[in-house]
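Below are the chains, spelled out letter by letter.
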Amino acid sequence: MKLIIASNNNHKLFEIKAILGDCFEDIKSMKEAGIDHETVEDGETFYDNALKKAREIAEISGCCALADDSGICV
């Protein structure tokens, strides 16, 4: 099974591959999968935005997708 990481952040990709590498046949970033898409992050929480990103990329790719959204809270 293939997993698309809904991010082009190389550090996130490296970390996720290290954690989930044995669970998927192939793990790719959006760029590696040929996906050029920017999700509008208009959710009320980091969770909302991550869920939105993962759903959009899963729909575009037809594959499983995983997203992470975090930020600085002051």
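For clarity, every value in this text was computed on a predicted model and none was experimentally measured.

Draft legend 1. The arrangement of the state of the cysteines in detail. Counted according to the given criterion, the structure contains 0 disulfides. Free cysteine cysteine 63: the closest other cysteine sulfur is in cysteine 64, separated by 7.3 Å.

Draft legend 2. The arrangement of the pairing of strand β2 (residues 26-29) in detail. The two faces of β2 differ: Ile27 and Ser29 on one face are buried, but Asp26 and Lys28 on the other face are not. For strand β1 (residues 2-5) and β2, the ladder comprises 4 bridges, and the chain directions are parallel. In the strand pairing of β2, lysine 2 is matched with aspartate 26. Handedness of the β-α-β unit built from β1, helix α1 (residues 10-20) and β2 comes out right-handed.

Draft legend 3. Structural context of the sheet that holds β2. The strand order across the open sheet built from 3 strands is β2-β1-β3, with neighbouring strands paired in parallel fashion. If you trace the sheet from one side to the other, it starts and ends with β2 and β3 (64-66), each paired once. Mean inter-strand twist for the sheet, computed between neighbouring axes without regard to direction, equals 25°. In the sheet, β1 pairs with β3 via 3 bridges, with the strands oriented parallel. Looking across to β3, one finds that leucine 3 is bridged to cysteine 64. This element, α1, spans β1, β2 and β3 of the sheet and lies at about 170° to β2. Each of β1 and β3 touches helix α2 (residues 46-61); the most contacted strand, β3, lies at about 150° to it.

Cut-off values and rules
- Residues numbered from 1 in each chain as written.
- Predicted model: local features only at pLDDT ≥ 70, side-chain atom pairs only at ≥ 80, totals over all residues.
- Heavy atoms only, no water.
- Disulfide = S-S within 2.5 Å.
- Buried < 20%, exposed > 50% of the residue type's maximum accessible area, 1.4 Å probe, protein only.
- Helix = DSSP H or I, 4+ residues; strand = E, 2+ residues; numbered from the N terminus.
- Pairing = 2+ DSSP bridges.
- Right-handed = clockwise from strand over helix to strand, strands pointing away.
- Axes fitted to C-alpha atoms, helices over the stretch in contact; angles between N-to-C directions.
- Contact = heavy atoms within 4.5 Å.

No statement about biological role is implied by the geometric values presented.
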